[in-house]
Amino acid sequence: MQYRYDEQGNENRSWKDRKKHSWKCMDQKVFMKQTRGKAIICGDAGVKGKNTDDILTDGEHILPLYVTRQKPGFFQKIVGYIPCTDGQEHGYVRVVGTAAERIIALLLLLAALIAGGVYLWLANEPEGPDLEKAAVAYEMPDGLINDDPDSIALPGISILTVSNSDGVIRVPLINPEGNVCYFVYTISLADTGEVLYESGYIAPGTAVPEFELNQTLEPGAYDIIVDVATWSIEDYTQPLNAGRIEAELKVEE
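Residues numbered from 1 in each chain as written. Predicted model: local features only at pLDDT ≥ 70, side-chain atom pairs only at ≥ 80, totals over all residues. Heavy atoms only, no water.

**A few points about the pattern of salt bridges**
- If you walk through the whole model with that rule in mind, you get six salt bridges.
- The residue D44 makes a salt bridge to R94 at a minimum N-O spacing of 2.8 Å. Pair noted here: D44 is in strand β4 (residues 41-46) and R94 is in strand β8 (residues 90-98), with a separation of 50 residues, a long-range link. Of the two residues, D44 and R94, both sit in the buried class.
- The residue R244 makes a salt bridge to D227 at a minimum N-O spacing of 2.7 Å. Placement of the pair is R244 in strand β18 (residues 243-252) and D227 in strand β17 (residues 220-232), with a sequence separation of 17 residues.
- The class of R244 is exposed, set by a relative accessible area of 61%.
- One network of salt bridges, with partners in common, ties together D166, R170 and E210. (Salt bridge = Lys/Arg side-chain N within 4 Å of Asp/Glu carboxyl O. Helix = DSSP H or I, 4+ residues; strand = E, 2+ residues; numbered from the N terminus. Buried < 20%, exposed > 50% of the residue type's maximum accessible area, 1.4 Å probe, protein only.)

Encoded structure:
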């Protein structure tokens with residue numbers, strides 16, 4: 001079927017087809033006022049649909065028509081109505097375009113959902129432990145490795161010596177390789193419980209090679225307690241068995 005463009009004089013907008021030809025049409029408001037919703041729709045133009053053999057022509061240009069859908073798709077909108085005739089009855093070609101604002105709104109919504117999901121993932125992602133910055137890779141004497149995942153290997157500490165000239169204790173605080181936990185060392189005076197040093201989390205296979213006390217003590221010998229708190233590798237907030245070592249601190253001039 002061939003339909004001819006039938007200008008009525010109340011067209012209030014224009015629409016360009018794929019070949020950039022401009023067709024006069026009326027918008028939804030004018031169309032409803034003109035027809036009160038009772039009009040023959042001869043076909044759709046614009047967004048491709050199911051092909052027909054029908055065309056619209058103004059005598060010079062040809063516009064292919066598609067089967068009219070009862071309702072445009074979600075990402076489509078009615079752009080306007082082009083008046084036409086088949087020589088006996090008057091009708092309209094419905095122009096369907098892309099609802100860009102809906103696509104943009106959906107993209108913005110998806111972006112917001114993705115951003116929200118990333119934020120929640122980051123917010124719920126457990127933070128890592130506060131690892132001891134002074135810790136370095138360390139190998140136990142004779143290459144000793146704890147090969148029993150159900151046990152925790154603790155190093156032996158008997159005497160710590162510090163000189164007030166530099167305040168450095170050169171005894172490594174070790175977490176032997178093979179342990180499945182972090183170590184946190186706390187050194188305190190046995191008689192008062194006053195803490196002299198506390199490490200960060202020390203990973204298996206690393207050690208703090210030397211460290212300083214948080215205060216200067218008078219020269220002499222002091223009974224100290226070396227507490228070794230252990231925390232699960234899988235969940236660093238989960239405490240495991242702790243170790244307590246009685247030792248001696250020698251303070252020199």
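On we go from here.
**Some details on the sheet that holds strand β15 (residues 206-208)**
- Read from one edge of the open sheet, three strands run β9-β15-β12, paired in antiparallel fashion. Both outer strands of the open sheet, β9 (136-137) and β12 (173-175), are each paired with one neighbouring strand and no more.
- Bridge count between β12 and β15: three bridges; the pairing is antiparallel. Residue pairing in the sheet places I174 in a bridge with A207 of β15. (Pairing = 2+ DSSP bridges.)

**Some words on the side chain of D227**
- A polar side-chain atom of D227 sits 2.7 Å from a polar atom in the side chain of R244.
- Setting aside residues up to four positions removed in sequence, D227 forms contacts with V184, Y185, T186, G243 and R244. (Polar contact = N/O pair within 3.5 Å; in protein donor to acceptor, adjacent residues only side chain to side chain. Contact = heavy atoms within 4.5 Å.)

**Comments concerning the pairing of β8**
- Counting buried residues along β8, seven of its nine residues qualify, which places the element largely inside the surrounding structure.
- Alignment of strand β7 (residues 76-85) against β8, held across nine bridges, turns out to be antiparallel. The partner of T85 across the bridge, within β8, is H90.

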